[in-house]
Structure formats: C-alpha cells, structure tokens
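# Commentary on secondary and tertiary structure
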Amino acid sequence: MAKAARTALLQMDRSSRLCKVFFHFVGAVPNSTSLLEILRRFLKEIQPDTDLPETLEETEQVVRSELTRNHSDRIVIFIDALNQVDEETRVEPMFWLPEVLGQNVRCVLSLITDSEPHKALKKRNDFQSEKVEIPVLDLDAKKRLEIVNGYLGLFSKTLTAEQVVPLLAKKASNNPLWLRIACEELRLYGDFGSVTEYIMLMEDTLKGLLQQVLRRFEKETDRVLLISTLCLLEASRFGLLEFELLEILKDRESLEFRENSRECCPEESPVTEKRPRLPSADWASVYRNLRIFLRPYGNPSEGRLDFYHSTLKEVVQDMYLDRQKSEASYNERLCWWHKKLAVYYRSSGTFERKVEEYPHHLLFLKNHSRGSEDKRFYCKWLQDFLRDMKTFKQLFNDEFSETLLFYWRESGDENYEQMCKCYVGEIRAMQKDFAYTPSDITERFEDVSRLVVQAGKYKDGLALAEECIDMVEKFPDQFEKEERNEKLMYLYGHIARIKSLLLPPTQSAKEIPELQAIIELHSKAIQIINSSGKKDDKKYKKFLALQLDKTAYARGGIASRSDELTWSNLFSGKKTKKEMIDQGRKEVEMAIGLYQELKDFGRELGAQITKATLYRGNKDEQLEIYEKTRQRCCQIFGEEHHLMCTLCFNTGIVYEDAKDTANAYEYFRKALSIGSKVFGPKHRMTQMYRDTLKEKKYAALAKKQGDATD
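To keep things clear, this report deals only with the structure shown in the data block. Keep in mind it's a predicted model, so treat the numbers as computed, not measured.

The rules behind each value
- Residues numbered from 1 in each chain as written.
- Predicted model: local features only at pLDDT ≥ 70, side-chain atom pairs only at ≥ 80, totals over all residues.
- Heavy atoms only, no water.
- Helix = DSSP H or I, 4+ residues; strand = E, 2+ residues; numbered from the N terminus.
- Buried < 20%, exposed > 50% of the residue type's maximum accessible area, 1.4 Å probe, protein only.
- Contact = heavy atoms within 4.5 Å.
- Areas by Shrake-Rupley, 256 points an atom, 1.4 Å probe, with all protein chains shown as cover.
- Axes fitted to C-alpha atoms, helices over the stretch in contact; angles between N-to-C directions.
- Parallel < 35°, antiparallel > 145°, perpendicular 65-115°, else oblique.
- Left-handed = near helix turned anticlockwise from the far one by under 90°.
- Nonpolar A, V, L, I, M, F, W, Y, C, P; charged D, E, K, R; others polar.
- Core = buried A, V, L, I, M, F, W, Y, C linked by side-chain atoms within 4.5 Å.
- Expected span 1.5 Å × (residues − 1).
- Pairing = 2+ DSSP bridges.
- Salt bridge = Lys/Arg side-chain N within 4 Å of Asp/Glu carboxyl O.
- Phe/Tyr/Trp six-rings, centres within 6.5 Å; stacked < 30°, edge-to-face > 60°.
- Disulfide = S-S within 2.5 Å.

## What to know about the overall build of the chain
Counting secondary structure elements, the chain contains 32 helices and six strands. In the chain, which comprises 710 residues, the share counted as buried stands at 49%. For the chain, long-range pairs separated by at least 24 residues make up 67% of all intrachain contacts whose partners lie at least 6 apart in sequence. Accessible surface computed for the chain: about 36000 Å², of which carbon and sulfur atoms make up 50%.

Structure below.
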C-alpha cells in the first residue's frame, strides 16, 4: 500500500492534471485507528478551508457526499489495514463509503478477509466484479529473502545461505508477519552455531510461532505479570493506558486466577485518586518482550496499548483463557479479568476512561456470570454508574442517546422507570441548591426531558418540558434576552415534537385541534429565528429546517384527518385543503434544501419521509419516495436505524390504505423487528408496531403463515 501510494504521488507530480492523493496507514501511529480522525483528516485535505463536522455520524455523511460528487480534480484514496479501525457505536461499518463513487474518485483499501468491513463490502451489489476485490498473493521467494536480509541488516546481522534455505522452506514464511517474528527471534538468538537447528524447530504456522515465542517470554520474565498483561489487554474494550496496567499489576498477589472466586463488594473498593504502581524495572522486563506485539492506540499523549494483530488475541485466548477446553471454562477465566477491570474502573482512572470501559465489563459479567446473585450485583453497579450526572452529561445526545439508553435497558427490570425517577430526582435536588443558576437548571430540565422522550416516556417528557418553559417565561429577569429567546425557541420545538409523538396512530378529526397547537408552537420557534438576525448561523439554520419539516408534517396531518364537513367548519372560506397541502409541500422542500446545504443527510431523509406523507392518496408517488429514501437510509445508516422503522411502518400504511393487506403486514413486521432492536422491546414505538400487528386481519395472516407472535 505504501508503495502504491508513493507511485500515485510520483505520477501526480509528473501529470499536468491536478490529482489529490490521500493515504492513511491504520495502526502505524497513535490515534491512527480512530475512524472519526481518519475521515476528518481526509476532509481537511480535500476541503482545507471548510469547518469540520463534530460527530462521527455527521462526518460520515459529509464524506459520503464528497465521494459521490463529480470532482473536477482526481481524488485517489489509499487506506491500509482498514480492519484495524476502532469499533464504533454504530450498527455496521463502512457507512462513509458510498456504493457508487464520483466520476474522478478512486479508493484502494486493504483489509483482512471476512473482517467486519470486508463483510459489509461483500453485501453490496457493486462488489461482485473481480476487478473490485484483488486477493493479496503470498510472498514469492525473492520478496521473502529481501525481508529477511533487510530486517536483520538493520541490526548488522545476516544469515548464511544454508540457514536461509530452511527458513524460507517453511510454508508460513509467505506471511510477512510470521517472517518478521521469525527474524526477530533469530536476531535475539545467542548461539550462532545452532541457528540452523533453531530454525528447524520453529513452528510453521503464525499461531504456533506466537505460542512458541510466548512460552519463551514466560521463562525470561515474570510469568504472572506477563500473562496478566496479556489477559487484561484481551478483556479490555479499547486497550489500556500504561499507567492503568501498572496500577492493576501492582497487586501481584491477586493476579493469579482462582476458580469460583468473588471480587470485593463495592464498599471494599474506596475511590482513590492515586494508587501505587508496579515498579518501572518490573514493567520494563515485561514490556521489552511484548513490545513488538503491541501497538500504540488513541491519543499519542495517553500511552494506550493494545494488540498489534488479531491472531495474538486468539493465541492469548487459547493459551491463557482455556478457549479450546470448553465455553464454560473460557467464560469463567474471562470473567475473572473482567472483574479485575470492573473493580479497578469503579474506584480509579479518569472519568472519560471509566465511561469507555466500566459499563462494558459490567455487562460482560452480567451476561456471563453463573449465579443470579452475581448478575444482580453487577446490575446494581451499572445503575449506580448511570445515576451519576457526569455519566449523563458524557453519554447524552440530543438526537438519540443510543448508548445511554442501551445501558439503562441492560441494567435490570423497569429500567426506564428507574432512569426517569433518578434524573428527575437530580433536577429537584438542583432546584434546592443555590449553587445552580436558573440557566443550569432549565438546561438540565430540557436535556432530561429529551432523554425521557427518547425512552418513549412522552407524557413524562412533556411534563418536564412544560415545567421548564414555565420557568423561562415566568422569570425573564433570570436570563439574558438572547439566552432566553434561544431557550424558548428550542423548547417550543421540543414540546411540539412531543405533542406530535403523543398523537394516536389511528387518525381522526379529534386530533386536529392538537395539530393546530403543534403548528402554532413551531411557528413561535420560527418567529424567534427570523427575528434573531442569525438565520445564516449553522445552528439556527438547522433548527429552522427542523421546524419547517415538522410544520409541514402537521399540515399534512390536518388535511388527512379532515372530511369536507370538518374542513368547512374549521376553515370556512379561509383556506382550501389543497392550499394547506401545497403550503406543507413548500415548507418541506425548504427544509430539504436547508438540510442539503448543511449536508445533514440524516435529517434530510426524515424530511423526505414528511414529503411522502403529503402525497397521501397517491400510492405510486408515496412508494417511490419511500423506496428511494429507504435505499439511501440503508446505505448511510444500515438496516437497524430509527428512520428505517418509520420508513417500514409508513410504507405499511400506504399498502394498508390501498387494501393490500399482505404487503402492509410484511412492512409492519419489518418495523417491529427493527424497532425491537433500536428502541428496545418495551418502547412506546415498538409497542405501537406490535399493537398494529395484533389487529384482526394481521393476526389472521400471521396465523396462516405460521409467524411467531407475542
């Protein structure tokens, strides 16, 4: 890959036509494994003068847009070891790479067969041609000899012809990693007279050689510290900081695995800012041996370590965690190390690292511990962690707090009820604490309200939002004018959204007054934006697009719920139904235009769904919009996304309106299947999908087809 990138750069220098070459080698340096940083770096090189998106989702959307555009300049992208990119909290990898590239865009990616990125690419229709996937061939004899001579030459060492022959005769020598490890072993081997014999004894597989090397390490360094380091790294979620390893390894007596053991209870793990660490000399002995198998990870200033290659993880699992013995034995040993890390992060480390690692270990223990008492124990620890408002601030996302809600769902029964009670209690405590300003309190009110709504507790969320807006409206002197207007703007939009969510799925004229109230709230928010003088501000522009989108949706709702008599009573002579629908279509097109300008493709897809609802009664037009939107949503976000739930459910409604029960049933089933994974089985939206399928005609169809029902 490096040579290919260099060749492209040389050709670019010779060419009269401008060509931009972007290359990235994952894992080569610290922070090089972060997908967000890779994509941001790409955007910075392609668009040096533009502002970079903040979140991964936004960044992926912008990169997709850039890669689908027909650039006047040629763009060539080289990314090596794509399979080593960090895991992200996304459903599937490779969202950033569109199925169809722009005319002058080319991507060259290297990755391991059947890795997650490779599987994602193979699913695509454009991946069927042999021209797309080129297997990397084994090293030929000449290349292997160059590697041996080059590596050993760095240390002023060489092999004789008689020694090279048995080394290159090994079948595994066609693997560059095996060859490098073998050369490192030969470099360290002290008896020149028996080198040939030593080569003959080398294992002829990568896993076998790694096992052989680790057995040598066990003899040359502190065996307990070596094995503990490897097992701790294997159990970690995102690698471990060096100081974390030193603090855990300090207590050498507690590092040896003991069957049927229980870790200390919470009260026996006091929080401490500074812990004793393993002496540098002891760590140096372990690190010196393992160095070639570890890679720097994350921010270079952190000193985070992780395995260099996935094969080493498998070797550690086989040698030290009994993976091949039995699943029960493997889980028991792995639980031992997860307990070590859970206890450590409960009382030590930075809070950012605690958020990354601590819940991961608690969930593993909850899911793999044998006794019900143990499971309750770890659920309690997880709930204690989630109740901390610092955790709330770290994991809350005003769009959808996927990770925070997932942790609450996994923490035990009645989890969302506990969540609401916990965070509302924190707000009440803030109200009694004079250290918090009204601005602080209302901000927390709004955030908790949004999270509660995301959890499907719409009425609770509405009560919090209305209490919050009441505070802002009644005490204007407690806020700066601009701050107050901005809070009102967001709260009007938020309350309008909740009221929309509270509308029943069955449409009737009874909801029209509520829809009119929703339009009024959105209009108030739009009025504040228009009078703010900040219409061109990115944040305000995005919020304006959202208000236009939701206003259009409400207008469509009124039109679809009104027969001629109802319409005449409500709007006699003021406005025709066609005029209202046309107004809604105009508003949603404005919203779509703003989202496209902002390159916010997620919200643009939501606006496309709104647009389809404004064509109710025109089956072909609606299905065409939904299908195009579904394809784009699948490309950008994958199947398991909340927008896919809405698309499937709305498509089912189109078929239901057309009396096509079979197709409606299939789409409602898809909505339930995806919704159960995205929202959770007890979420209000999931329940709505489930209730729809319980209707008599769909229940009969399910029984006829033998489909499972709950």
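Read on, since the account is not over.
## Here we look at the packing of helix α20 (residues 438–454) against helix α22 (residues 481–501)
The interhelical angle for the contact between α20 and α22, taken along N-to-C directions, is 20°, at an axis separation of 11 Å. Relative to α22, α20 is oriented roughly parallel. Both α20 and α22 take part in a crossing whose hand is left-handed. Across the interface between the two elements, Ser439, Thr442, Glu443, Glu446, Ser449, Arg450 and Val453 of α20 pack against Glu483, Lys487, Tyr490, Leu491, His494, Arg497, Ile498 and Leu501 of α22. In the contact of α20 with α22, the residues fall into five nonpolar, four polar and six charged.

## A closer look at the nonpolar core
Grouped together as the largest cluster of nonpolar side chains are 179 residues, with contacts concentrated most on Leu167, Leu290, Phe293, Met419 and Tyr423. Here the element with the most residues in this core is helix α14 (residues 327–347); it accounts for ten residues. Beyond its immediate chain neighbours, meaning those up to four positions away, Leu167 contacts Val148, Leu159, Ser173, Trp178, Ala182, Leu186, Ile199 and Met202. Core analysis: the second largest hydrophobic core is formed by 24 residues, Val26, Leu43, Val63 and Ile79 among them.

## Notes on helix α21 (residues 458–474)
For α21, which comprises 17 residues, the first-to-last C-alpha distance of 24 Å matches the rise-based estimate of 24 Å (1.5 Å per residue) to within 8%. Restricting attention to buried positions, one finds in α21 the residues Tyr458, Gly461, Leu462, Leu464, Ala465, Cys468, Ile469, Met471 and Val472. Against α19 (415–432), α20, α22 and α31 (684–693) lie the buried residues of α21.

## A look at helix α3 (residues 56–68)
Between its terminal C-alpha atoms α3 stretches 18 Å, which fits the 18 Å expected from 13 residues at 1.5 Å a residue. The buried fraction of α3 is high, at ten of 13 residues. Along α3, the residues that are buried comprise Leu56, Thr59, Glu60, Gln61, Val62, Val63, Arg64, Ser65, Glu66 and Leu67.

## Observations concerning the sheet that holds strand β1 (residues 19–25)
Across a sheet, paired strands are connected by hydrogen bonds in the backbone, their directions being either parallel or antiparallel. The three strands are arranged β1-β2-β3 in an open sheet whose pairing can be described as parallel. Only two strands of the sheet have a single neighbouring strand rather than two, namely β1 and β3 (105–109). Going across the sheet, the axis of each strand differs from the next one's by a mean of 10°, ignoring polarity. Pairing of strand β2 (residues 74–80) with β3, which is carried by five bridges, proceeds in the parallel orientation.

## With respect to the side chain of Ser449
Its location among the elements puts Ser449 in helix α20. We classify Ser449 as buried; its relative accessible area is 0%. Those residues in contact with Ser449 that sit more than four places away from it in its chain are Gly461, Leu464, Ala465, His494 and Ile498.

## Details of the packing of α22 against helix α23 (residues 512–532)
In contact at an axis separation of 8 Å, α22 and α23 are set at 155° when each is read in the N-to-C sense. Here α22 lies roughly antiparallel to α23, going by the angle between them. Crossing hand, α22 versus α23: left-handed. Every residue of α23 that contacts α22 at Asn485, Leu488, Met489, Tyr492, Gly493, Ile495, Ala496, Lys499 and Ser500 is listed here: Glu514, Ile518, Leu521, His522, Lys524, Ala525, Ile528 and Ile529. The residue inventory of the contact of α22 with α23, partitioned by class, reads ten nonpolar, four polar and three charged.

## Some points on the pairing of β2
Across the seven residues that make up β2, a large majority, five, are buried. As paired strands, β1 and β2 are joined by seven bridges and run parallel to one another. Pairing of Phe25 across the sheet is with Asp80, part of β2.

## Details of the pattern of salt bridges
Summed over the entire model, instances satisfying the criterion amount to 41 salt bridges. Here Glu446 makes a salt bridge to Arg450, at a shortest N to O gap of 2.8 Å. Taken together, the positions of Glu446 and Arg450, both in helix α20 and four residues apart, correspond to about one turn of that helix. Look at Arg450 and you get buried, because its relative accessible area is 16%.

## Focus on the packing of aromatic side chains
Enumeration over the complete set of coordinates arrives at 23 aromatic pairs. Between Phe649 and Tyr689, the aromatic rings sit 5.2 Å apart at their centres with planes inclined by 45°, giving tilted as the arrangement. With Phe649 in helix α29 (residues 642–657) and Tyr689 in helix α31, this residue pair connects regions lying 40 residues apart in the sequence. Each of the two residues, Phe649 as well as Tyr689, counts as buried. On the basis of an interplanar angle of 20° and a centroid distance of 5.8 Å, the ring pair of Tyr655 and Tyr667 is categorised as stacked. Of this pair, Tyr655 sits in helix α29 while Tyr667 sits in helix α30 (residues 661–678); the two residues are twelve residues apart in sequence, bridging distant segments of the chain.

## Concerning unusual backbone geometry
Here the phi dihedral of Ser156 falls at roughly 55°; this positive angle occurs in a residue that is not glycine. Here Ser156 shows up in the loop between α5 (141–153) and α6 (161–169).

## Re the environment of Phe668
Assignment of secondary structure puts Phe668 in helix α30. Spatially, the C-alpha atom of Phe668 lies 6.5 Å from that of Cys648, the residues being 20 residues apart in sequence.

## Here's the deal with the state of the cysteines
Should the sulfur atoms of two cysteines be covalently bonded, the bond is a disulfide. According to the stated counting rule, one finds zero disulfides in the structure shown. Cysteine Cys420 remains unbridged, with the sulfur of Cys422 as its closest cysteine sulfur at 9.7 Å.

What is shown is where atoms sit, not what they do.
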